[in-house]
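Below, each chain spelled out in residue letters.
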Amino acid sequence: MNYRLWVGVVLSVGVAACCTLPTTSPGEPVQCTDSVPVRIVKVVYVDVAAGANGPVIRPELCVVRSGTVVLWRTAQDVLDPFELAFAESPVDPAHQRGAADGPPKDFRSQRLGRRQEVQIIAKEVSRESRIDYDVRIGSRHLDPGIKIMPR
């Protein structure tokens, strides 16, 4: 192989390797956003974080597709519990334990490792469904929302 050709191949491969964006596997949680995620996204998280004037939710509007696992979670080593109270249930009864009385609307966080979490599976919808909810942390109430889109 010609020396110039070999150097060109090595540089091309190196540039391609350094410029390729890392991908996440379908089972890894990604930060929820306020835009419709690609279909491959199956697990998202919403940060329940400390802010300058008290707790904040990031993002304020989480957009997911039906069947997506949504995790509301605190940062590592933040063990203060929180509650979610939805205007209507965001889940199908079949995906939640103890749903004999209908789909739940209120969820309490549970300690999972070194953080507090609430996990749901977004219900099946045939059209866009926005659901407002309250986050209760101590005496504070926040009013974010979730939008569920058809898969």
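The structure reproduced in this document is the subject of the present report. Small disclaimer: the values here were computed from a predicted structure and weren't measured.

Criteria and cut-off values
- Residues numbered from 1 in each chain as written.
- Predicted model: local features only at pLDDT ≥ 70, side-chain atom pairs only at ≥ 80, totals over all residues.
- Heavy atoms only, no water.
- 1 Å grid on protein atoms, 1.4 Å probe; cavity = no way out; pocket = protein on both sides within 12 Å on 5 of 7 lines; lining within 4 Å.
- Points joined across faces, edges and corners; volume = space filled by probe spheres on them.
- Helix = DSSP H or I, 4+ residues; strand = E, 2+ residues; numbered from the N terminus.
- Nonpolar A, V, L, I, M, F, W, Y, C, P; charged D, E, K, R; others polar.
- Disulfide = S-S within 2.5 Å.
- Buried < 20%, exposed > 50% of the residue type's maximum accessible area, 1.4 Å probe, protein only.
- Pairing = 2+ DSSP bridges.

1. Some details on the layout of surface pockets
And then number 1: As a volume, the second largest pocket reaches approximately 160 Å³.
And then number 2: Together, Val48, Ala49, Ala50, Pro55, Thr74, Ala75, Val78, Asp80 and Ile137 line the second largest pocket.
And then number 3: Counting residues per element, the lining of the second largest pocket draws most heavily on strand β2 (residues 43-51), which supplies three residues.
And then number 4: Its residues assigned to classes, the lining of the second largest pocket shows seven nonpolar, one polar and one charged.

2. Some details on the state of the cysteines
And then number 1: Under the defined criterion, the tally for this structure stands at one disulfide.
And then number 2: A sulfur-sulfur separation of 2.0 Å characterises the disulfide bridge that pairs Cys32 with Cys62. What sets the handedness of the Cys32 and Cys62 disulfide is the S-S torsion sign, and at about 95° it is right-handed. Taken as a pair, Cys32 in the loop between β1 (30-31) and β2 and Cys62 in strand β4 (residues 61-65) lie far apart in primary sequence, 30 residues in all.

3. Some details on the pairing of strand β5 (residues 69-73)
And then number 1: Within β5, five of the five residues are buried, leaving the element largely enclosed by the surrounding structure.
And then number 2: Both β2 and β5 contribute to a ladder of five bridges, which runs parallel. Within the sheet, the bridge partner assigned to Val43 lies in β5 and is Val69.
And then number 3: In terms of strand pairing, β5 meets strand β9 (residues 115-121) through five bridges, oriented antiparallel. When the bridges of β9 are listed, Leu71 appears paired with Gln119.

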